[in-house]
Amino acid sequence: MSEKTIFKKIIDKEIPADVVYEDDRCLAFRDIAPQAPTHIVVIPKKELRSTNDITEEDASLIGHLFCVMNELARKEGIADAGYRIVTNCGPDACQTVPHLHYHLIGGRKFGWPPG
Ligand code: 5GP
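Residues numbered from 1 in each chain as written. Predicted model: local features only at pLDDT ≥ 70, side-chain atom pairs only at ≥ 80, totals over all residues. Heavy atoms only, no water.

Caption draft 1: Up close: the nonpolar core. With 16 residues, the main nonpolar core has Ile40, Val42, Leu65, Leu72 and Tyr102 as its most contacted residues. Counting residues per element, the ones that place at least two in this core are strand S2 (26-30), strand S3 (38-44), helix H2 (59-76) and strand S5 (102-106). Here the element with the most residues in this core is H2; it accounts for seven residues. Residues within four places of Tyr102 in sequence aside, it is in contact with Ile40, Val41, Val42, Ile54, Ile62, Leu65, Phe66, Met69, Ile85, Val86 and Thr87. (Core = buried A, V, L, I, M, F, W, Y, C linked by side-chain atoms within 4.5 Å. Buried < 20%, exposed > 50% of the residue type's maximum accessible area, 1.4 Å probe, protein only. Helix = DSSP H or I, 4+ residues; strand = E, 2+ residues; numbered from the N terminus. Contact = heavy atoms within 4.5 Å.)

Caption draft 2: Spatial organisation of the sheet that holds S3. Pairing in this open sheet of five strands is antiparallel, and the strands run S1-S2-S3-S5-S4 from one edge to the other. Both outer strands of the open sheet, strand S1 (19-22) and strand S4 (83-86), are each paired with one neighbouring strand and no more. Across the sheet, the mean angle from the axis of one strand to that of its neighbour is 15 degrees, orientation sign disregarded. Two strands pair when backbone bridges link them, and S1 and S2 are joined in this way by three bridges, in the antiparallel orientation. What sits directly across from Tyr21, in S2, is Ala28. (Pairing = 2+ DSSP bridges. Axes fitted to C-alpha atoms, helices over the stretch in contact; angles between N-to-C directions.)

Caption draft 3: Fine view of unusual backbone geometry. Omega for the peptide link from Trp112 to Pro113 comes to 5 degrees, which places this bond in the cis form. In this structure, Lys13 takes a positive phi of about 60 degrees despite not being glycine. Relative to the helices and strands, Lys13 is located in the loop between helix H1 (6-11) and S1.

Caption draft 4: Quick peek at the pattern of salt bridges. Counted by the stated rule, this structure contains 11 salt bridges. Between Arg49 and Asp53 there is a salt bridge, with its nearest N and O atoms 3.0 Å apart. Judged by its relative accessible area of 55%, Arg49 falls in the exposed class. Bridged by salt links that share partners, the residues Lys4, Lys8, Asp12 and Glu14 form one connected network. (Salt bridge = Lys/Arg side-chain N within 4 Å of Asp/Glu carboxyl O.)

Caption draft 5: Looking closely at the environment of Leu72. If you trace the backbone, Leu72 turns up in helix H2. Note: C-alpha distance between Leu72 and Arg108 (36 residues apart in sequence) is 16 Å. Excluding its chain neighbours within four sequence positions, the residues that come into contact with Leu72 are Val20, Tyr21, Ala28, Ile40, Val42 and Leu104.

Caption draft 6: Structural view of the site of the ligand. The environment of the ligand is made up of 15 residues, and the closest members are Asp31, Asn88, Thr96, His101 and His103. Asp31 is positioned such that a nitrogen or oxygen atom in its side chain is 2.5 Å from an oxygen atom of the ligand. In the complex, the protein chains occlude 82% of the 520 Å² of accessible area that the ligand would expose alone. Mapping the ligand onto the cavity grids shows that it belongs to the largest pocket. Counting residues per element, the ones that place at least two in the shell around the ligand are H1 and S2. Among the elements that make up the shell around the ligand, the one with the highest residue count is H1 (three residues). (Near = heavy atom within 4 Å. Polar contact = N/O pair within 3.5 Å; in protein donor to acceptor, adjacent residues only side chain to side chain. Areas by Shrake-Rupley, 256 points an atom, 1.4 Å probe, with all protein chains shown as cover. 1 Å grid on protein atoms, 1.4 Å probe; cavity = no way out; pocket = protein on both sides within 12 Å on 5 of 7 lines; lining within 4 Å. Sits in = over half its atoms within 2 Å of the grid points.)

This is the structure in structure tokens:
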């Protein structure tokens, strides 16, 4: 069996995190190295390694994650000014934790294209 990822350890409460939302399907916590005033990591509790692992079976789960991010953006006060939802998939995108996650980042002006 492969070793637990850091995010699985956070789900299992083996390491602490600043959790801002949790339900039976997902967890949201503040990033340890925030890239903006709001930087929340939203993860499914189901162990999918990246976007590449998503199948039709996960459609409701992924939709749920976006509804949670929508609500978190509103609670963080960034919904109207705007924000980014980013998911890094694989080495070229600099994914460092092999557990599907979405970065909800906002509270400052971003540039485009991304680096
Ligand atoms: P990735 O680079 O894979 O898209 O994003 C992984 C994110 O997880 C990074 O932004 C990194 O700062 C964050 N991260 C890594 N380890 C921890 C941790 O132990 N706790 C928290 N809260 N965030 C972490």
